[in-house]
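The primary structure of each chain is shown beneath.
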Amino acid sequence: QATVRREIEKGKGSQFDPQFADVMLQMIDEDKGYTMRQIQEDIKNILIVDDDRHTVQFVEEVLSEEPAYHSFAAGSYAEAAALLEKQKFDLVIMDLTLPDMDGYEAFQKIRESYDVPIAFMTGEKNLDNIRKAGAMGAEDYITKPFVADVLKKRIQTQITLAEYRKSLERENAIMSRIIDLISGAEVSGLTPEVTQELLDLSAQLKTEISNKGSVNN
């Protein structure tokens, strides 16, 4: 968002019609109807789903070392589903074996309703399971026993990747809105040359953002 603002301010009066630039800057500031503002959320909510209390306590202790992490615990899929309904989570760490449901099935049910990264944690080091988890779209497959520092790093990595993906989505929303404005009646007063230049710039930025996301997925 800051990059887009700089480009608009720099090109105001040369690349961009001043009136159009003012509208865009106001839109970025207000964010009315568009999920464009990058909100820095200090607290990251992490859901631990495991019926083994010792494992849960260990993960909670690791997370407690990071002030920005707020952990929640569920001993079954049913408990996890109830928490997900009430609270927004930044990451779910889930055991493959739950008392009321297979971990893979639980994964699919969560993904059907919530856009949240999910990492499996399990004592099973079976290569087929790891491949299956990856094919389903799991963000990570963490095997027990855990090493505290390694577990912390892998959680941090997933949190960072999730934030990056959200940032890309916001940037794409901005680019889509720019294109909508250019092609709509709101810019009907622009000359064809300026409109084409804005279209070219918008398309270029959107392609760069898309490529950036593809490289990091």
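For the structure, see preceding data.
Quick summary incoming for the structure in this document. (Residues numbered from 1 in each chain as written. Predicted model: local features only at pLDDT ≥ 70, side-chain atom pairs only at ≥ 80, totals over all residues. Heavy atoms only, no water.)

## Remarks on the overall build of the protein
Then, in step 1: Scanning the protein for helices and strands turns up eight helices and five strands.
Then, in step 2: Shown N-terminal to C-terminal, the secondary structure of the protein runs as helices and strands in the order α-α-β-α-β-α-β-α-β-α-β-α-α.
Then, in step 3: A buried classification covers 41% of the 217 residues belonging to the protein.
Then, in step 4: Residue pairs at least 24 apart in sequence account for 65% of intrachain contacts in the protein once pairs closer than 6 positions are excluded. (Helix = DSSP H or I, 4+ residues; strand = E, 2+ residues; numbered from the N terminus. Buried < 20%, exposed > 50% of the residue type's maximum accessible area, 1.4 Å probe, protein only. Contact = heavy atoms within 4.5 Å.)

## Some words on the sheet that holds strand β2 (residues 69-74)
Each strand in a sheet pairs with another by means of backbone hydrogen bonds, the pair being arranged parallel or else antiparallel.
Then, in step 1: Pairing in this open sheet of five strands is parallel, and the strands run β2-β1-β3-β4-β5 from one edge to the other. Only two strands of the sheet have a single partner each, and these edge strands are β2 and β5 (140-143). Going from strand to strand, the sheet's axes swing by 20° on average, the running direction of each strand aside.
Then, in step 2: Pairing analysis gives four bridges linking strand β1 (residues 44-49) to strand β3 (residues 91-95), with the strands arranged parallel. What sits directly across from L47, in β3, is V92.
Then, in step 3: Contacting β1, β2, β3 and β4 (118-122), helix α3 (residues 53-64) crosses the sheet at an angle of about 170° to β2. (Pairing = 2+ DSSP bridges. Axes fitted to C-alpha atoms, helices over the stretch in contact; angles between N-to-C directions.)

## Some details on the pattern of salt bridges
Then, in step 1: As enumerated under the stated definition, the model contains six salt bridges in all.
Then, in step 2: Residue R53 pairs with E60 through a salt bridge whose shortest N-O separation is 3.3 Å.
Then, in step 3: R53 sits in the partly exposed class, given a relative accessible area of 45%.
Then, in step 4: E139 serves as the salt-bridge partner of R111, at 2.5 Å between the closest nitrogen and oxygen. Note that R111 is positioned in helix α5 (residues 103-113) and E139 in the loop between α6 (127-136) and β5, a separation of 28 residues in sequence.
Then, in step 5: Judged by relative accessible area, R111 falls into the partly exposed class, the value being 29%. (Salt bridge = Lys/Arg side-chain N within 4 Å of Asp/Glu carboxyl O.)

## Side note on the environment of A78
Then, in step 1: With respect to the secondary-structure elements, A78 resides in helix α4 (residues 77-86).
Then, in step 2: In this structure A78 comes out as partly exposed when scored by relative accessible area, which is 44%.

## Overview of the packing of aromatic side chains
Then, in step 1: The full count for this structure, using the stated rule, is four aromatic pairs.
Then, in step 2: When the ring of F58 is compared with that of F146, the centres are 6.1 Å apart and the planes differ by 20°; the resulting orientation is stacked. Placement of the pair is F58 in helix α3 and F146 in the loop between β5 and α7 (148-183), with a sequence separation of 88 residues.
Then, in step 3: When its relative accessible area of 28% is taken as the criterion, F58 is described as partly exposed.
Then, in step 4: Look at F146 and you get buried, because its relative accessible area is 16%.
Then, in step 5: Aromatic ring contacts, followed pair by pair, group Y104, F107 and F120 into a single cluster.
Then, in step 6: K132 extends its terminal NZ or CZ atom over the ring of Y104, reaching a point 4.1 Å from the ring centre. (Phe/Tyr/Trp six-rings, centres within 6.5 Å; stacked < 30°, edge-to-face > 60°. Lys NZ or Arg CZ within 6 Å of the ring centre and 35° of its normal.)

## Topic: α4
Then, in step 1: For α4, the complete set of buried residues consists of Y77, A80 and L84. All buried residues of α4 project into a common sector of 60° when viewed along the axis, lining one side. Seen from the buried face of α4, the exposed residues on the opposite side, beyond 90 degrees, are E85 and K86.
Then, in step 2: Buried positions along α4 lie against β1, β2, β3 and α5. (Arc of directions from axis to C-beta.)

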